[in-house]
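Analysis of the macromolecular model
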Amino acid sequence: MIQEQMLKYYIETWGCQMNEEDSEKLAGMLKNIGYTATLRREDASIIIFNTCCVRENAELKVYGNLGALKKLKEKNPELVIAVCGCMMQQKGMAEEIIKRFPYVDIVFGTHNAYKFPEYLNRVKQENVSVKEIMDKETEIVEGVPIERKSDSKAFVTIMYGCNNFCTYCVVPYVRGRERSRKPEDIENEIIDLVNKGYKEITLLGQNVNSYGKELEPFVSFADLLRRIDKIEGLERIRFMTSHPKDLSEDVISAIKEGTKLCEQIHLPVQSGSTRILSKMNRKYSREDYLALIKKIKNELPGVALTTDIIVGFPGETEEDFEDTISLVKEVGFDSAFTFIYSRRKYTPADRMEDQIDDSVKHERFNRLIEVVNEISAEKNKEYENKVVEILVEGESKNDSSKLTGRTRTGKLVNFVGRKENIGKLVDVKITKAHSFSLLGEEVK
Ligand code: 5AD
Ligand code: SF4
């Protein structure tokens, strides 16, 4: 019993899919040395917090959660607590964590996560705490074991880092410069996944469209997509995130020609005002973005478009905000992740003078959400009475009599169907559309 308790790990992940994938790698390494997962912190002998620092809120959550671990550590002094991820890459943060939460045993960053088993060993053997943050990105480390959450769909990171330096964003400082994995490494990982029964992969990177720029020989993102589209047995390919300044016609053609590339593009616009886009250092105008959307819609009929939007960026006037609202209406996004601008230390936008009042930010945020949700609901309505292909992911979270999965366009569908089809592709007739999901019945 005690032995069993000693071998459980609990990982909490904040932030983006890249962090999710990093956590799956931590889980893979732990599995290799005999640990199994638990969903209860009380049962764990290792607790890992994989942190995010893109917005202040994410950081506050980490502090709150770390504070709550004090009691657990008092009850079980053998418990190992590790904190890692983007937040730790910020200047002085690792020291701050250790000072405020002295019961934390291991602190590491985004560039050295592959060394986690070594750190754990040191804590256990030498009874010391370990803090190691690497400022510089290392060569890409291949072959780290990975324990994925899903059996049918997987994230595959194709590149790390970002060179864009949008003025609000902390990512380039904590994830380093762009580095691409070799196409054959990516291909082999996907072939291996397909052999294990995976049907869908999502290629990940902060800016996937700059994939391959520093590779020799050069391989473009469109080349990579075409190569992966040929992998036999794979059914669906998605990718994120694309930067509007870099999404090329060749990538659009690759999606059009491909059979597995899904008709879904996540294309963060951030703002509908050219003036604000320029202050954000996004390197495209409102008109450029709209022209790109037009091209995509022409080439890929039925495509689902999703986006990220920030409200309350420094200097945003009511007129700028109205530009965002009108762009949202003009594009008709299937869904949008909406964010209140959050000041991030060391970023240029944090030093801008015309910061916006919290009350104004919140009021604009609420107005934006209303418009976004209304359009999402309208977009979902278009699916009613249609038959769509679903990759069945499992039982529905809130209703185990139903199954759940997604359309090729990324819409979440809960439906009545046969459990033996979990992990497979089925046709589902959509019976009702809600704002954030669809209801349906499997077509027999
Ligand atoms: N404040 C608010 N939102 C931000 N994002 C990135 N940095 C900030 C910030 N400082 C948002 C952007 C990005 C998404 C991942 O997070 O919209 O696309
Ligand atoms: Fe941040 Fe901009 Fe890079 Fe995206 S493209 S990670 S928003 S700096």
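1. Structural notes on helix H7 (residues 183-195)
In this model H7 runs 18 Å from its N-terminal to its C-terminal C-alpha over 13 residues, within 8% of the 18 Å that 1.5 Å per residue would give. Buried within H7 we find Pro183, Ile186, Glu187, Glu189, Ile190, Leu193 and Val194. Taken down its axis, H7 places every buried residue within 160° of arc, on the same side. In this fold, the buried residues of H7 make contact with helix H2 (17-32), strand E7 (153-157), strand E10 (200-204) and helix H8 (221-229). Following H7 by one or two positions, Gly197 adopts a phi angle in the positive range, close to 105°.

2. What to know about the domain arrangement of the chain
Interface size, as often reported, equals the accessible area lost upon joining of the parts. Taken domain by domain, the chain holds domain 1 (2-132), domain 2 (150-262), domain 3 (265-381) and domain 4 (387-442). Each of domain 1 and domain 2 was reduced to a C-alpha centroid, and the two centroids are 28 Å apart. The junction of domain 1 with domain 2 conceals about 1,300 Å² of combined surface from both sides, 59% of it contributed by carbon and sulfur atoms. The largest share of the area that domain 1 buries against domain 2 comes from Gln17, Met18 and Glu21, three residues that together contribute 46% of it.

3. What to know about the side chain of Thr167
With respect to the helices, strands and loops of the structure, Thr167 is situated in the loop between strand E8 (159-160) and helix H6 (171-175). Assessed through its relative accessible area of 10%, Thr167 is described here as buried. Thr167 has contacts with Lys279, Met280, Asn281, Phe313, Thr347, Pro348, Ala349 and Met352, leaving out every residue within four places of it along the chain.

4. Re the sheet that holds strand E13 (residues 304-311)
Spatially, three strands are ordered E12-E13-E14 in an open sheet, and the strand pairing comes out parallel. Looking along the sheet, the strands with just one partner apiece sit at the ends: strand E12 (264-266) and strand E14 (335-340). Sheet twist, expressed as the mean angle between neighbouring strand axes with direction ignored, is 10°. Direction of pairing for E13 relative to E14: parallel, over a ladder of six bridges. Within the sheet, the bridge partner assigned to Ile310 lies in E14 and is Phe339.

5. Quick look at the packing of aromatic side chains
On inspection of all chains with the given rule, the structure shows 11 aromatic pairs. A centroid spacing of 6.3 Å and a plane angle of 20° characterise the contact between Tyr63 and Phe101, whose relative ring orientation is stacked. Residue Tyr63 is located in helix H3 (residues 56-75), and its partner Phe101 is located in the loop between helix H4 (93-100) and strand E5 (106-108); the two are separated by 38 residues in the primary sequence. Each member of the pair, Tyr63 together with Phe101, is buried.

6. Overview of the pattern of salt bridges
The full count for this structure, using the stated rule, is 42 salt bridges. The salt bridge involving Glu200 is made with Arg238; its shortest N-O contact spans 2.9 Å. Residue Glu200 is located in strand E10, and its partner Arg238 is located in strand E11 (residues 236-240); the two are separated by 38 residues in the primary sequence. No difference in accessibility class separates Glu200 from Arg238, as the two residues are buried. Lys419 serves as the salt-bridge partner of Glu395, at 3.3 Å between the closest nitrogen and oxygen.

7. Digging into the environment of Asn112
Relative to the elements of secondary structure, Asn112 occurs in the loop between E5 and helix H5 (116-126). Under the relative-accessibility criterion, Asn112 is labelled buried at 0%. Sequence spacing of Asn112 and Asp135 is 23 residues, and the spatial spacing of their C-alpha atoms is 9.9 Å. Excluding its chain neighbours within four sequence positions, the residues that come into contact with Asn112 are Tyr119, Glu132, Ile133 and Met134. A distance of 2.7 Å separates a polar atom in the side chain of Asn112 from the backbone oxygen of Glu132.

8. Some remarks on the packing of helix H11 (residues 286-299) against helix H12 (residues 318-331)
The N-to-C vectors of H11 and H12 enclose an angle of 10°; their axes lie 11 Å apart at closest approach. Taken as axis vectors, H11 and H12 run roughly parallel relative to one another. Facing Arg286, Tyr289, Leu290, Ile293 and Lys297 of H11, the residues of H12 in contact are Asp323, Ser326, Leu327, Glu330 and Val331.

9. What to know about helix H13 (residues 358-381)
Under the 1.5 Å per step criterion, the end-to-end length of H13 is 34 Å for 24 residues, consistent within 8% with the ideal 34 Å. Turning to H13, the residues buried within the fold contact E13, H12, E14, strand E18 (425-433) and strand E19 (438-442).

10. So, the pairing of strand E3 (residues 46-51)
In terms of burial, E3 is largely enclosed, as six of its six residues are buried. On E3, burial covers both faces: Ile46, Ile48 and Asn50 on one face and Ile47, Phe49 and Thr51 on the other are all buried. Relative to E3, strand E1 (residues 8-13) runs parallel, the two being bridged by five bridges. Across the sheet, residue Thr13 finds its bridge partner in E3, namely Asn50. Across six bridges, the pairing between E3 and strand E4 (residues 80-85) is parallel.

11. What to know about the site of ligand 2
Around ligand 2, the structure places Cys162, Asn164, Phe165, Cys166, Tyr168, Cys169, Val171, Pro172, Gln206, His243 and Arg282. Looking at the shell around ligand 2 residue by residue, the class counts come to seven nonpolar, three polar and one charged.

12. Some remarks on the side chain of Arg344
Residue placement: Arg344 occurs in the loop between E14 and H13. Sequence-distant contacts of Arg344, that is, excluding residues within four places in its chain, are made with Cys53, Val54, Arg55, Glu56, Glu59, Gln90, Tyr168, Val170 and Asp350.

13. Side note on the nonpolar core
Counting 69 residues, the largest nonpolar core has Ile190, Leu203, Phe221, Ile228 and Ile296 as the members making the most contacts within it. Each of domain 2 (150-262) and domain 3 (265-381) gives at least three residues to this core. Look past the residues within four positions of Leu203 in its chain and what remains in contact with it is Val156, Ile158, Ile190, Val208, Phe221, Leu225, Ile228, Ile237, Arg238, Phe239 and Met240. Ranked by size, the runner-up nonpolar core spans 28 residues in total, among them Ala44, Cys86, Met93 and Val104.

What counts and how
- Residues numbered from 1 in each chain as written.
- Chains lettered and ligands numbered in written order.
- Predicted model: local features only at pLDDT ≥ 70, side-chain atom pairs only at ≥ 80, totals over all residues.
- Heavy atoms only, no water.
- Helix = DSSP H or I, 4+ residues; strand = E, 2+ residues; numbered from the N terminus.
- Expected span 1.5 Å × (residues − 1).
- Buried < 20%, exposed > 50% of the residue type's maximum accessible area, 1.4 Å probe, protein only.
- Arc of directions from axis to C-beta.
- Contact = heavy atoms within 4.5 Å.
- Domains from an automatic or database assignment.
- Buried area = accessible area lost by both parts, 1.4 Å probe.
- Pairing = 2+ DSSP bridges.
- Axes fitted to C-alpha atoms, helices over the stretch in contact; angles between N-to-C directions.
- Phe/Tyr/Trp six-rings, centres within 6.5 Å; stacked < 30°, edge-to-face > 60°.
- Salt bridge = Lys/Arg side-chain N within 4 Å of Asp/Glu carboxyl O.
- Polar contact = N/O pair within 3.5 Å; in protein donor to acceptor, adjacent residues only side chain to side chain.
- Parallel < 35°, antiparallel > 145°, perpendicular 65-115°, else oblique.
- Near = heavy atom within 4 Å.
- Nonpolar A, V, L, I, M, F, W, Y, C, P; charged D, E, K, R; others polar.
- Core = buried A, V, L, I, M, F, W, Y, C linked by side-chain atoms within 4.5 Å.

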